[in-house]
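Examining the three-dimensional arrangement
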Amino acid sequence: MKLEKEGHEKSSKKHDRREKKSKHSSKDRGKDSELNGKHKPSSKKKQSDSGECQQESGVTRSEVKCEAGDADMDVDATADPDERTQHDDGQEKSSPPENNNNKQKTRSKSSKERLNHAEKKEQTADLNLCNVDENLKNESNKDSNQQETDVKQETDGPPVTSPAKIKKKRVKDEKSDAQDKNQQSGKKRKKQSSEHDKPEKNKKIKKDGDDEGEEEQKKKEKVKKEDKKDESDKWKWWEEGKSSDSQKWSHLEHKGPYFPPEYEPLPDNVPFYYDGQPVKLSPATEEIATFYAKMLDHEYTSKEVFQNNFFSDWREEMTEEEKELIETLSKCDFSHMQKYFLEKTEERKNMTKEEKQVLKEEANRLIEEYGYCLLDGHREKIGNFKLEPPGLFRGRGEHPKMGKLKKRIQPEDVTINCSQDSRIPEAPAGHKWKRVQHDNTVTWLASWLENIHGRPKYIMLNPSSKLKGEKDWQKYETARQLKVCVDAIRKQYRRDWTSREMKSRQRGVAIYFIDKLALRAGNEKDDESADTVGCCSLRVEHITLHRRLDGLEYVVEFDFLGKDSIRYYNKVPVEKQVFKSLKLFIKHKDPEDDLFDRITTINLNKTLTESMPGLTAKVFRTFNASTTLQDQLNKLTTDDMTVEEKILSYNRANRAVAILCNHQRAAPKTFEKSMQLLQEKIQKKKEQIEDAKKELKEAKKAHKDDASDKSKKLVEKKEKLVQRLCEQLKKLQLQETDREENKVIALGTSKLNYLDPRITVAWCKKHNVPIEKIYNKTQRDKFTWAIHMADENFQF
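Brief notes about the pairing of strand β14 (residues 456-459)
- As defined by bridge partners, strand β13 (residues 446-449) adjoins β14 across four bridges and the pair is classed as antiparallel. Following the sheet pairing, Leu449 is matched in β14 by Pro456.
- The turn joining β13 and β14, which pair antiparallel and follow one another in sequence, is formed by six residues; a positive phi near 75° is taken by Gly454.

Listed below in structure tokens is the structure:
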């Protein structure tokens, strides 16, 4: 201790001598150091020493400054106090201070920076306490200090000591102390990190395991909020009783249809070429050319019928000069137009969030203005308030009119329907409506004739509206009434099979097919319609009779195009008498002759109406679809199933209906990709389960070796995690099965149009399945009446 005190006294004397010498230094340097308190590094040697010190200690400049507790210092802790230029007279000229912003650099975090806040505080306190002792110890080391002074005098001239230099030395000492402490704390951290590695992993697994549950919970809450909001605004018309069949409304007011914007000509740098030469087309001709250019990548444009119909209608819109020039479609080059529209499509895809928001707001504005009407004092949503823009007709299958021009609809083509006391919608500027009427026996708001088939088209209310809901309700009630008299109808058509009158026999077989196979009745077609058929329009070529096939007797093989050109192919065993009657029907007929040549759809429906008021072939189809769903749900659902298993059962029941009604679809383009992603999720979940099981095993072993409440809770926690992950895996596997089975089956058509929604609602309530798992938002809006009306005991 005495030695330390003597050393301290010597060092203070030495410091006083250096202070006197420093007074002779230049006034500029003195002022500079007093005002700024920092200078550039004195030499490369000093910088390298400082860098080596930092590398050894593993502490950055900012850390040293912070940990040393020198908040009052303006000096850069690791920089040399001055960078001086030596002169002959021994004075030194100070150079301007460096910019602070350029001195400090960001560096990536090292493992040693992960000290927690408490450790840093403790370290700072220790460093501050040790500052004086360390400085005294270093000063007492006479030999090393004297040697350092001699070296400095030889290289830099007379030594000049400033407060910054003293503080720099203190910082160096603090670095060495910090290095020791860091080494000790580093060992502690290694132990801690090894102990915390597993919990981090657990956290990750737990997070992955809980993500889906949390997302589902958020979705449920969002759905509930939306449903509650809609429910508060919803008109509960079903509580008011059924309205009159003749009068649909008392007051109807709306804004009329929204017309698509007028055509904007293409830029001059997007040419059309004919026979290798650029041609400037008139706006009307150019607009139709763009319709074809947009479809160049589609298979339609490769079909001869499409090309011929397009070119024929296009020439009708051309000017006389254009007709003389453009004579064949094969010489037309639409590629530049196509390229332009593809670029526009990419631009739309790459729009910023703000640009998309602008478009969304504009769309919402149009919905607010045109998308609602006032019906008997209630605000009801309109289904299709936008008129279809002009384009080329596509049709389904091999439609003979594909490629024909769908012309632009003008206000002069549109008839408006509203109540007499309402504000009549204004026609666009410079136009007027074809007619304005006030007919409350119809449900449409506007009507016009389309030019392809010459049929009327309508703007109707949304499926969630009162008028649509009442119509659906009545449809399903009529189908339910069929249960009472269906046995009598079946007895009657069985008697007709043996009738001597050919008309009665054909009618009996046709009704049997409608009942057993849920075939559509089929309407008479003209030559300009697609070659699709139903029961009454079947031809001889559409059936093949097999006395025995695949171990079954009296088999009828059906093969024809149904509605929307969807192929119906089925092999069905039938009653012996039906088989005999069919042999009689095809006798002495050619393949293109009608199978049921003595009956029509009108005659068939008239007979059905005589059996039960309101009964048609479509009601039979609805009855069979809903009955199948009810039977399948009762058969496939049990109380001990999970929610996911119940949903799979529902989809299987729905699938049975879709197969009965021939609701098929092509496999989605994204099917393979979505299945691959789902399989990757399944694989990832399996890996998580394996990791969780290993951790559970380790936790059980630790609990066995040293039992405690903490280890017991850990085991229970791990068991719950494994169980939760297994449930999620099962859910994903059920989804995979469901998607694979629904690959080419369209469940939505039957769900929306043929299945009584009260069956689904009652099933959900009975088996505690959230309704949003079966019906999406649009479907819930459409069937709000059923959700409120049906309880868990409802049976179709």
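So, next bit.
Some words on the pattern of salt bridges
- Tallied over the full model, the rule gives 30 salt bridges.
- Arg539 is the salt-bridge partner of Glu541, the closest N and O atoms lying 2.7 Å from each other.
- In this structure, the salt-bridge partner of Arg548 is Glu553, at a minimum N-O distance of 2.7 Å.
- Residue classification places Arg548 among the exposed residues on the basis of a relative accessible area of 53%.
- Take Glu553: its relative accessible area is 35%, and that puts it in the partly exposed class.
- Taken together, the shared-partner salt bridges in this structure form one network comprising Lys255, Glu362, Arg365 and Glu369.

As for the sheet that holds strand β16 (residues 552-561)
- An order of β15-β16-β17 is seen for the three strands of this open sheet, with the pairing classed as antiparallel. With partners counted over all chains shown, the strands left at the sheet margins are β15 (543-549) and β17 (567-573), one partner each. For this sheet, the mean angle separating the axes of adjacent strands, direction not counted, is 15°.
- In terms of strand pairing, β16 meets β17 through seven bridges, oriented antiparallel. Bridging across to β17, Phe558 finds its partner in Asn570.

Some details on the nonpolar core
- Counting residues in hydrophobic clusters, the biggest one holds 94 residues, and the most contacted among them are Val414, Leu482, Phe513, Phe558, Val574, Leu582 and Phe596.
- Examining the composition of this core, we find that nine residues originate from one element, helix α14 (residues 466-496), more than from any other.
- Contact partners of Phe558, with chain neighbours within four places excluded, come to Phe513, Leu517, Leu538, His542, Ile543, Tyr568, Tyr569, Asn570 and Val572.
- Counting 28 residues, the second largest nonpolar core, distinct from the first, contains Leu266, Tyr292, Tyr300 and Leu392.

Here we look at the packing of aromatic side chains
- Applying the stated criterion across every chain, the model contains 30 aromatic pairs.
- Aromatic side chains Phe585 and Phe596 sit 5.9 Å apart centroid to centroid with 65° between the ring planes, which places their arrangement in the edge-to-face category. Within this pair, whereas Phe585 is found in helix α16 (residues 576-586), its partner Phe596 is found in the loop between α16 and α17 (601-611), the two being separated by eleven residues in sequence.
- When its relative accessible area of 2% is taken as the criterion, Phe585 is described as buried.
- On the basis of an interplanar angle of 45° and a centroid distance of 5.3 Å, the ring pair of Tyr775 and Phe783 is categorised as tilted. The exposure classification of Tyr775 matches that of Phe783, with both residues buried.
- Counting every residue linked through ring pairs, the aromatic cluster contains Tyr493, Trp497, Tyr512, Phe513, Phe558, Phe560, Tyr568, Phe585 and Phe596.
- A cation over a ring is seen here: Lys294 above Phe341, with NZ or CZ 4.8 Å from the ring centre.
- We note Arg621 situated over the ring of Tyr754; from NZ or CZ to the ring centre the distance is 4.9 Å.

Some remarks on a negative patch on the surface
- A contiguous patch of negative charge, built from Glu320, Glu321, Glu324 and Glu327, is present on the exposed surface.
- Looking at where Glu321 falls in the secondary structure, it is placed in helix α11 (residues 320-325).

Re helix α19 (residues 643-660)
- Its 18 residues place the ends of α19 26 Å apart at the C-alpha level, agreeing with the 26 Å of an ideal helix rising 1.5 Å per residue.
- Residues of α19 that are buried sit in contact with α18 (617-636), α21 (709-741), α22 (747-753) and α23 (757-766).
- Following α19 by one or two positions, Asn662 has its phi on the positive side, about 60°.

Re the confidence of the model for the protein chain
- With 70% of its residues at a pLDDT of 70 or more, the protein chain shows a mean pLDDT of 77.
- For the stretch residues 1-8, pLDDT sits under 50, and the model shows one contact to residues farther than four places along the chain or on other chains.

What to know about the sheet that holds strand β4 (residues 272-274)
- The strand order across the open sheet formed by three strands is β5-β4-β6, and the pairing between neighbours is antiparallel. Here the strands that pair on one side only, and so sit at the sheet edges, are β5 (277-279) and β6 (332-333).
- In the sheet, β4 pairs with β5 via three bridges, with the strands oriented antiparallel. Residue pairing across strands places Tyr274 opposite Gln277, the latter belonging to β5.

Parameters at a glance
Residues numbered from 1 in each chain as written. Predicted model: local features only at pLDDT ≥ 70, side-chain atom pairs only at ≥ 80, totals over all residues. Heavy atoms only, no water. Pairing = 2+ DSSP bridges. Helix = DSSP H or I, 4+ residues; strand = E, 2+ residues; numbered from the N terminus. Salt bridge = Lys/Arg side-chain N within 4 Å of Asp/Glu carboxyl O. Buried < 20%, exposed > 50% of the residue type's maximum accessible area, 1.4 Å probe, protein only. Axes fitted to C-alpha atoms, helices over the stretch in contact; angles between N-to-C directions. Core = buried A, V, L, I, M, F, W, Y, C linked by side-chain atoms within 4.5 Å. Contact = heavy atoms within 4.5 Å. Phe/Tyr/Trp six-rings, centres within 6.5 Å; stacked < 30°, edge-to-face > 60°. Lys NZ or Arg CZ within 6 Å of the ring centre and 35° of its normal. Patch = residues over 30% accessible without salt bridge, like charges linked within 9 Å, V, L, I, M, F, W, Y side chains within 5 Å. Areas by Shrake-Rupley, 256 points an atom, 1.4 Å probe, with all protein chains shown as cover. Lys, Arg positive; Asp, Glu negative; His and termini not counted. Charge placed at Lys NZ, Arg CZ, Asp CG, Glu CD. Expected span 1.5 Å × (residues − 1). pLDDT = per-residue confidence, 0-100.

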